[in-house]
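The chain contents come next:
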Amino acid sequence: MSLPQFKLLRPRSVEEAVGYLSQDAGSLRILAGGTDLIPSMRQKLFEPECVLDLRAIAALRGTKPLPDGSVEIGALTTLRAVERSDFLRQHYPVLTEAAATVASPVLRNMGTIGGNICLDTRCLWYNQSLAWRKGCGFCIKKDGDLCHVAPGGSKCWAAFSADTPPALLCLEAEIEIASPAGLRRIALNDFYTGLGDDYRKLQPNELVTRVFLPTSSAGYHGIYRKLRVRGSIDYPLAGVAVVIKRSSNGNGVGHIADARIGITAVNPAPLVVKGATELLTGQIINEELAAAAGDLAAKTAKPLTTSALTPEYRREMIRVFTKRAVLAAASN
Ligand SMILES: Cc1cc2nc3c(=O)[nH]c(=O)nc-3n(C[C@H](O)[C@H](O)[C@H](O)COP(=O)(O)OP(=O)(O)OC[C@H]3O[C@@H](n4cnc5c(N)ncnc54)[C@H](O)[C@@H]3O)c2cc1C
Ligand code: SF4
């Protein structure tokens, strides 16, 4: 499958990138590592006139601990760099663990954390060649007006299938967005819409520039568990991130001081599991409590036939992984 024709723009600074975005953002796509954008362009899912290649913007690479104890990660920081960061592993282990499960080492060397946050949603009826989609019929997400997954409906349910966002949600991460109007900073939790087609709150003339992890989320025990067909490379079909902070009652018995659970690949957005913090905080983790957390996460998951493996199995694995991850995070 060949790439469509496009003009390549290579800004060297955020200001230059924003300058391009303010000209004609409607016919432009942003490229970071290109590991998802380029295959999608080959499938003719995107046929932009211009591609804005951010890779020469050195200021957006790397992890920088800030004086207040929080940390800033440039949007162009590769997933490999995140995975290998000693600082992140020590203070935010759930993120390094999630990053280490993305795709394969080669793709993690190219793929960036910004691209992972902005990753397009996925569906068996969408991530296909133009000839395949033409043959089977276009759908709401691109060129059509019906949904093959939920016939009769008017909504797209394509699954958000990136690994680091549930970990970042558990860490209460914020992102910085640059546009011709300047910089704004929002909670990552407010970035996703819950719609499969228009899945993120990012205007065509905006780009994500940085990720911030607060100092209040440092030091939590973190676990990420993921279901995929091939353990060496595939996108998640269900993913669970758990962070837990323990306190001791003085007798060496660890109560849970705080906990959060995030899930991915089973809804059109990554989600924080509501009620999990209240369920776990103040408790000593045992099998029953971990199973109750698994039930709560499974209730939040609404998988449909957008992906390989049945929705029932994927929801069940959310339950199983959550229980295991809670037990592991409480004991490691
Ligand atoms: C075989 C294969 C397996 C994969 N497996 C996984 C997996 O297991 N888990 C997983 O999470 N992902 C997986 N991916 C997808 C992809 O490799 C990763 O999500 C990667 O992090 C994407 O980052 P990137 O920099 O390459 O993004 P790109 O491909 O450059 O961009 C992805 C999307 O984000 C937009 N974008 C990128 N950066 C910005 C920015 N700074 N601001 C605004 N928009 C931006 C682009 O316009 C595009 O829409 C897989 C891909 C392949 C080909
Ligand atoms: S969920 Fe429906 S509308 Fe969305 S990509 Fe799949 S088939 Fe298309």
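Scroll up a little and you will see the structure.
It should be emphasised that the depicted structure is a prediction, and the values quoted were computed from it without experimental measurement.

K.L.:
Summarise the overall build of the chain; cite the residues concerned and give the values.
P.N.:
Counting secondary structure elements, the chain contains 12 helices and 12 strands. Over its C-alpha trace the chain gives a radius of gyration of 20 Å, about what one expects of a compact globule, namely 20 Å for 332 residues. Over its C-alpha atoms, taken along the principal directions, the chain stretches across nearly 65 × 50 × 35 Å. Here the chain, with 332 residues, has 52% of them falling under the buried criterion. Of all intrachain contacts in the chain linking residues separated by at least 6 positions in sequence, the fraction that spans at least 24 positions is 63%. One finds the centroid of the 39 positive side-chain charges in the chain at a distance of 4 Å from the centroid of its 31 negative side-chain charges.

K.L.:
Give me the lowdown on the packing of aromatic side chains, citing residues and values where you can.
P.N.:
Evaluation of the coordinates by the stated rule reveals three aromatic pairs. Ring plane angle 65 degrees and centroid distance 5.8 Å describe the contact between Trp125 and Trp132, whose orientation is recorded as edge-to-face. With a relative accessible area of 28%, Trp125 lands in the partly exposed category. Overall, Trp132 belongs to the partly exposed group, its relative accessible area being 32%. Feature note: the residues Phe160, Phe191 and Tyr192 constitute an aromatic cluster, connected by ring pairs.

K.L.:
Describe the sheet that holds strand β6 (residues 174-179), with residues and values.
P.N.:
Strand pairing in a sheet takes place through backbone hydrogen bonds and is either antiparallel or parallel in direction. Read from one edge to the other, the open sheet built from five strands follows the order β4-β5-β8-β6-β7, with strand pairing classed as antiparallel. The open sheet has two edge strands, β4 (63-65) and β7 (182-187), and neither has a second partner. The mean inter-strand angle of the sheet, taken between neighbouring strand axes irrespective of direction, is 25 degrees. Relative to strand β5 (residues 71-74), β4 runs antiparallel, the two sharing three bridges. Across the sheet, residue Thr63 finds its bridge partner in β5, namely Ile73.

Conventions adopted
Residues numbered from 1 in each chain as written. Chains lettered and ligands numbered in written order. Predicted model: local features only at pLDDT ≥ 70, side-chain atom pairs only at ≥ 80, totals over all residues. Heavy atoms only, no water. Helix = DSSP H or I, 4+ residues; strand = E, 2+ residues; numbered from the N terminus. Rg over C-alpha atoms; globule rule 2.2 N^0.38 Å. Buried < 20%, exposed > 50% of the residue type's maximum accessible area, 1.4 Å probe, protein only. Contact = heavy atoms within 4.5 Å. Lys, Arg positive; Asp, Glu negative; His and termini not counted. Charge placed at Lys NZ, Arg CZ, Asp CG, Glu CD. Phe/Tyr/Trp six-rings, centres within 6.5 Å; stacked < 30°, edge-to-face > 60°. Pairing = 2+ DSSP bridges. Axes fitted to C-alpha atoms, helices over the stretch in contact; angles between N-to-C directions.

Taken by themselves, the reported measurements are silent on function.
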